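Each chain, written out:
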Amino acid sequence: MLLKDILYQILESEHNESGIAYTIQISDKHPLFKGHFPETPVLPGVCILQIFKELSEDALSVGKPLQYSEIKQCKFQTPVLMKEPRTMRVELTLTPEQESWKLSATLKDQESVFAIMKAVLSE
Amino acid sequence: MNLIPDQPILTGDQIFPYIPQRPPMVFVDAFYGMTDNAIYSSLLVNPDMVFVENGRLLDIGLIEFLTQSGYVWFCYYEKVVLQKSDMEITKGYICKIKNVQVLNTPRVGTRIYSKMDVIFYSSSFCTIHMTAYTEDGTLAEGDFDVISFS
């Protein structure tokens with residue numbers, strides 16, 4: 001996985017009625033923050049997409065990388081400022097289709113919702 | 001058939017005044033301006049990019065390329081076309097993407113192109129339809145809302 005254990009670590013996961021929820025810690029030390037942005041580090045939106053995808057791979061135990069075949073909609077509601085490490089919650093609902101999975105995903109902490117997405121993942 | 005543009009008006013570091021990102025998060029290396037009512041940019045996929053894995057630019061790399069291609073135009077239009085010479089390049093980010101289809105991902109060494117059609121524009125927000133492609137066909141396309149903030 002591209003970002004797991006480098007940009008973020010899984011602290012815990014729990015299954016619930018609607019799917020699986022992960023608590024992750026995002027590092028503020030990854031080199032990408034030197035360029036995004038030099039004076040105000042912000043977690044790139046595409047890294048949120050990658051975290052959703054990698055945690056889906058973990059939840060499904062597919063053993064191979066998944067790819068977005070379609071992103072129906074993703075709203076990035078609040079920038080994730082990265083002046084220090086941050087603990088976040090990722091909630092996933094994965095529904096199998098013929099050769100893909102429908103994914104609903106949310107990134108939040110105790111105060112804010114940062115991103116909400118509906119997408120289709122395939123191998 | 002997608003147009004393969006030539007004669008960029010900005011390349012490499014010349015693009016830096018028009019995007020807030022800096023290496024290793026720069027995902028556009030040529031800007032061609034407007035041709036046939038669309039705006040074009042491109043990127044040579046190299047192996048050192050942060051979103052390259054197993055010799056291919058990942059889907060998220062394609063999306064970042066499309067986003068930054070849109071942002072180059074956004075700032076170029078403000079600074080050069082509208083001649084807002086005192087405009088500060090603020091931080092821009094994707095606030096919404098929708099109907100994005102990823103058909104293929106490019107290999108390292110491939111030059112990928114973007115075509116942008118502007119759907120809505122204001123000085124702090126724009127909606128654009130973006131297509132990423134190579135000489136061999138379309139890689140991805142979708143609609144992007146980009147917002148800037150101080």
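The structure displayed is predicted, hence computed values, not measured ones. (Residues numbered from 1 in each chain as written. Chains lettered and ligands numbered in written order. Predicted model: local features only at pLDDT ≥ 70, side-chain atom pairs only at ≥ 80, totals over all residues.)

Along the backbone of chain A there are 1 helix and 6 strands. By the compact-globule yardstick of 14 Å for 123 residues, chain A fits well, its C-alpha radius of gyration being 14 Å. Structurally, chain A occupies a C-alpha span of about 45 × 25 × 25 Å along its principal axes. Scored against the burial criterion, the 123 residues of chain A give a buried share of 33%. Within chain A, residue pairs in contact and separated by at least 24 positions form 61% of the contacts whose partners lie at least 6 positions apart. (Helix = DSSP H or I, 4+ residues; strand = E, 2+ residues; numbered from the N terminus. Rg over C-alpha atoms; globule rule 2.2 N^0.38 Å. Buried ≥ 20, exposed ≤ 12 C-beta atoms within 10 Å, placed from the backbone. Contact = placed C-beta atoms within 7 Å.)

Residue-level contacts link 26 residues of chain A with 26 residues of chain B. Elements with a contribution of two residues or more to the side of chain A that touches chain B: α1 (45–60) and β3 (67–76) of chain A. It is β3 of chain A that contributes the most residues to the side of chain A that touches chain B, 10 residues altogether. Considered class by class, the residues forming the side of chain A that touches chain B number 14 nonpolar, 8 polar and 4 charged. (Nonpolar A, V, L, I, M, F, W, Y, C, P; charged D, E, K, R; others polar.)

The subject of this paragraph is the pairing of strand β2 (residues 20–26) of chain A. The side chains of a regular strand alternate between the sheet's two faces. All names here are of chain A. Pairing analysis gives 7 bridges linking strand β1 (residues 8–15) to β2, with the strands arranged antiparallel. Paired with Glu14 across the strands is Ala21, a residue of β2. Adjacent in sequence and paired antiparallel, β1 and β2 are bridged by 4 residues. Bridge count between β2 and strand β4 (residues 86–96): 7 bridges; the pairing is antiparallel. Considered in β4, the bridge of Thr23 is made with Arg89. (Pairing = 2+ DSSP bridges.)

A few words now on the confidence of the model for chain B. Residues and elements named next belong to chain B. A residue-level look at chain B finds 92% of positions with pLDDT of 70 or above and a mean pLDDT of 90. For chain B, the element scoring lowest by mean pLDDT is strand β6 (residues 91–102), at 85; strand β5 (residues 56–57) scores highest, at 98. The ipTM value of the predicted complex is 0.94, and its pTM value is 0.94. (pLDDT = per-residue confidence, 0-100.)

Our focus in this paragraph is the packing of α1 of chain A against helix α1 (residues 59–81) of chain B. Taken N-terminus to C-terminus, the directions of α1 of chain A and α1 of chain B make an angle of 160 degrees; their axes are 9 Å apart at the nearest point. Taken together, the axes of α1 of chain A and α1 of chain B lie roughly antiparallel to each other. Between α1 of chain A and α1 of chain B the crossing geometry is right-handed. Together, Val46, Leu49 and Gln50 of chain A of α1 of chain A and Ile60, Ile63 and Glu64 of chain B of α1 of chain B make up the contact between the two elements. Of the residues belonging to the contact of α1 of chain A with α1 of chain B, the class tally is 4 nonpolar, 1 polar and 1 charged. (Axes fitted to C-alpha atoms, helices over the stretch in contact; angles between N-to-C directions. Parallel < 35°, antiparallel > 145°, perpendicular 65-115°, else oblique. Left-handed = near helix turned anticlockwise from the far one by under 90°.)

The next thing to look at is the environment of Thr78 of chain A. Residues and elements named next belong to chain A. Topologically, Thr78 is positioned in the loop between β3 and β4. The class of Thr78 is partly exposed, set by 15 C-beta atoms lying within 10 Å. Spatially, the C-alpha atom of Thr78 lies 7.7 Å from that of Ser112, the residues being 34 residues apart in sequence. Once residues within four sequence positions are removed from consideration, Thr78 is found in contact with Ser112 and Phe114.

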